[in-house]
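A look at the structure
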Amino acid sequence: MRRSLLVPMVIICLIFGLSISGKTNPRQSLAAERPQKLVMTAIPDDSAENMREFFGLIAKHIENTVGIPTEYVHVSNYAASVTALATGQADLAWFGAVTTAQAYIMMEDELEVVAARDIDKGFIGYFIANADANIPEVSDLAELAELAQGKNWTFTFGSKSSTSSHLMPRSFFTDQSGKNPEEIFRTVAYSGSHDVVLQKVANGEFHLGALGQPPYDRASDNLKEKAPIIYTTPKFTNYNFSTRKALGRELIDEIHAALMTLHESPEGKKALEYLGSEGFVDADMSEWMGYVNLIRSGIDIGG
Amino acid sequence: MYRDIDLSSSSLNRYAEKRPWKHWAAIVTIAVLVIAAFYAAEWDFSSLTNPDDRKIAFARMLAWLTTFSSPDFSPEFLKHCWALTLQTLSAATLGITLAVILATLLALGSSRSVIIGEEKAQGWMRFIAFRSPSALLCSLCRLVQDILRAIPDFVWAVILVAVIGLGPLTGALALALNITGILAKVYSEVWDNIEERSYEQVRILGGGRLATLFYGIGPLAARTIQSFTLMRAECAIRNAAVIGAVGGGGLGADIWYQIQFGAWPKVTTLMIFTLALTLSADLASNFIRRQLRSDPNHPRVIKSKSIHAQVARPYIGILFALSIAFWSVWFMGYGDNAPPGQQSRNYLEPAIKLVSTDSWKNLSFFERLVKPDFDLETIGLGDQVKVKEFKKESRTVDLFSSYRPWEFWKPSAWVDWEQEMQKWFVWRVIKSSAIPLAMAIVGTLLGVIGAILLSYPHSLAFMLESSQFTGETHPWWIRGLRFGQLAVAKGLGLVSRGVPDVMWAFLFIAFFGPGLVAGTLAIAIHSLGVLVRVFSESVDNIPYRRFEQAFMGARMSCYGYTAGPICWRDWMTYSFFQFESNVRTAVVFGIVGIGGLGFFFTFNFEWFRLEKAGTYLLMIIALTIIIDRISRALNLARKSC
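These notes cover the structure that comes with them. (Residues numbered from 1 in each chain as written. Chains lettered and ligands numbered in written order. Predicted model: local features only at pLDDT ≥ 70, side-chain atom pairs only at ≥ 80, totals over all residues. Heavy atoms only, no water.)

**Considering the interface of chain B and chain A**
Across the boundary between the two partners, chain B contributes 47 residues, which contact 53 residues of chain A. Of the roughly 4,400 Å² buried between chain B and chain A on both sides combined, carbon and sulfur atoms contribute 58%. When residues of chain B are sorted by the area they lose upon contact with chain A, Leu166, Glu606 and Trp607 of chain B head the list and together hold 17% of the total. Connecting chain B to chain A are 0 salt bridges. Remark: the boundary between chain B and chain A carries 5 residue pairs in polar contact (both at pLDDT 80 or more). Of all the secondary-structure elements, those providing two or more residues to the side of chain B that touches chain A are helix H8 (153-164), helix H12 (242-245), helix H13 (251-261), helix H16 (357-361), helix H24 (501-512) and helix H28 (597-606) of chain B. In the side of chain B that touches chain A, the residues fall into 27 nonpolar, 11 polar and 9 charged. (Contact = heavy atoms within 4.5 Å. Buried area = accessible area lost by both parts, 1.4 Å probe. Salt bridge = Lys/Arg side-chain N within 4 Å of Asp/Glu carboxyl O. Polar contact = N/O pair within 3.5 Å; in protein donor to acceptor, adjacent residues only side chain to side chain. Helix = DSSP H or I, 4+ residues; strand = E, 2+ residues; numbered from the N terminus. Nonpolar A, V, L, I, M, F, W, Y, C, P; charged D, E, K, R; others polar.)

Here's what the structure looks like:
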């Protein structure tokens, strides 16, 4: 009795399954034409509210200029944004240098950098210290390492996959002092994002921290006072908008043009103010190849 | 479920001959584990012992408590919270619904008593998976469920992004996969715990495997399964931080962020919403349970006069549960489900990608995750060219170069061997599991002890309805006093489990600094809250007739000598399960800065060093499997004695 039911059931399931999988994926069939909508995402280096607001404005600008509905999807995980672009689930992504390199390692030539901010070609990061800890400004990080000897200081980076709040500060520290931060500080933690680093250093949860320039600059004076800068890093390349070549030359050019004119629309202006920039400039993947090589060389990134 | 005592003389004789060495073994094992936990990981108590640190810690605690009393009730933020609450509820309910279905199917395969049933193989033979095809299927299903729950839900979410893209559905599915693993384990374990004698009539009358499940095992296990499913649903709703990780919003992700940022007024508001959600989930699950309660002797049963109302009750309960499930699907697809400041849209659409082969190809993106890096060259295996290269740089493990094996009695030999082993990546992976294990062992133990103590005032049977079995009639003020005790205990339980464990971790990190102490306390408090609920529920599920027979004048001793032993098996099953889930929580705590296995895993995962992440993941899975098998083996042992 049971077996006689089982066979037709399996057959019905199979037919059903085949009929569904037989349908072509709407997204794929339209790949050659213009997609019906663009999905934009970004690495979460600030609060969700802020990012939804200002990247939403950029999405709106692109939508108005290119004429394709564009949606900003906020993720709270760096790896999720890289995965989304690399597997074609997102079309446009705001990456830092590290995430660009990570995406490049996955996608190779499929990745195209559309544009970067003017400040991204000469980006700087800060080392900050809690005001009550009485840590003086230092001229280089070897001096900081020396000061930290036997002090049991604690240190926080931003996210693990961040450029300006982890990789670059770490590599400057290692280059200049010859030691890993883990060997110098009692605790080396990853707080998650730039604003959290500032907050945690300001309220004394950590003695020291590292973060990028724009998040520090737009913070309130009160916070800055509690967490003064003790060291400014040399310049390095950072954020950009990346996309997939599968979108087609024409569309990528249109997006590029839209980003170039961001400062002309009122919503674009507002977003640029938040991003701490005058406007977007041309950029090419070759400018980020240094990071790709750095990561491929198996650099010690803690962990 | 309680067991009937077998009074046949042979079993009594056997009982008299047996010495309780197993209990001693258990106690000694626990003691050894606790000592090992303190020895293997670095416990930094300086925040408690150092007066300066202590002062800072208390000042911070006070500052936070004062800001806690002034939540942010601006209309904008309230609207924001309400939107997040609905999102969380719909995604979590969807996840749970899927998980219940999948878990039931999986548990059919992984429950020994369902798929294998009675067999000739006894004792150690039962550990061999290849003894029969159904035994093999059983171990395979167990492996699947172990992997499902061992992999943290945020990893599932990132993997699913490759298949169906960003959005709350991805989070819900990730949650579903994770909870499937949890529920399937519990279902199969509860089914296996039912005494075979209680359902052997079904077998004798010729019932097959499924008939035994539906008419024998199922009904006997139904109440436990029902409470656990509802409890898990509540947990999922509260802990659904994963939904935000991949673009879905939700309360969990926002709390996580705001806590880190120290925006305490906002956190307080979000917490109030979370607690309200927990409370309504609690009330809803109680409602469903009451409708489905089938023990006519239980005083909490609703005694309806009319036959229509009696017949209608289970339908009402099931309809209510179904309507919540339908609401979650409707909301995600067609409701006003926009994240704050965005347009609402149909988030169910990406589900179509699940059935198109193209999207599944994207999984090859994570292919390297299943090729873990065992660093064989370092121990002289694998590619011999590389081995030579490594030898030149003296990066290979040369274990007995300075100390020979027979010099094991020298402490310095062990230090040296350890340092040599340190070069091997896999050894470092294994060692990194010491931190989550240490946190989970101490935390669970504290939680279990606390829960056993708190279950007494937390139980309805002993606080409000004791007159049912003691025969006393109390003046109003004693009843009032007991009601007060019950309310306080319930409140404590609700707060300690209603506040997500990550939130507790952050709170304690603020007092004690990031480290094992903070993580352990968070685990202890959260386990206390979760366990006290299920512990006291299993006490309340005992028919009062059993108390009546054993009652000797004091409620407390009745609790200790009757309720405790009857529920002990259930309690231990729950505790072991809690321990296992605490190990996973501790792994997650690693992600938020406490270190150990979880930290290294996410580090490598987020840097897409997937081979290395794969090795750490293998370790997490191995931990889950080892603990699961031990807990099953212990149940077996108890059955045989």
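**Some words on helix H9 (residues 168-193) of chain B**
With 26 residues, H9 of chain B should reach 38 Å at 1.5 Å per residue; the first-to-last C-alpha distance of 37 Å fits that figure. The buried fraction of H9 of chain B is high, at 25 of 26 residues. (Expected span 1.5 Å × (residues − 1). Buried < 20%, exposed > 50% of the residue type's maximum accessible area, 1.4 Å probe, protein only.)

**Some remarks on the nonpolar core**
Residues Phe55 and Leu144 of chain A together with Phe605 of chain B are the most contacted members of the largest nonpolar core, which totals 234 residues. Sorting elements by how many residues they give to this core places helix H27 (residues 555-594) of chain B first, with 15 residues. In this view, phenylalanine 55 of chain A contacts Met40, Ala42, Tyr72, Trp94, Phe241, Tyr274 and Leu275 of chain A; residues no more than four positions away in its chain are not counted. (Core = buried A, V, L, I, M, F, W, Y, C linked by side-chain atoms within 4.5 Å.)

**Section: unusual backbone geometry**
Located in the positive-phi region is glutamate 108 of chain A, a residue other than glycine, with phi close to 50°. Even without a glycine there, the phi angle at phenylalanine 608 of chain B is positive, about 55°. Positionally, phenylalanine 608 of chain B belongs in the loop between H28 and helix H29 (610-640).

**Topic: the packing of aromatic side chains**
Counted by the stated rule, this structure contains 42 aromatic pairs over all chains. Measuring from ring centre to ring centre gives 5.6 Å for tyrosine 190 of chain A and phenylalanine 599 of chain B, while their planes differ by 35°; the resulting arrangement is tilted. Taken together, the positions of tyrosine 190 of chain A in strand S7 (residues 187-190) and phenylalanine 599 of chain B in helix H28 put the pair across two chains. One aromatic cluster is present, formed by Phe127, Phe155, Phe157, Phe173, Phe185, Tyr190 and Tyr231 of chain A together with Phe425, Phe599, Phe600, Phe603 and Tyr616 of chain B through successive ring pairs. Positioned above the aromatic ring of phenylalanine 425 of chain B, the side-chain terminus of lysine 612 of chain B is 5.1 Å from the ring centre. (Phe/Tyr/Trp six-rings, centres within 6.5 Å; stacked < 30°, edge-to-face > 60°. Lys NZ or Arg CZ within 6 Å of the ring centre and 35° of its normal.)

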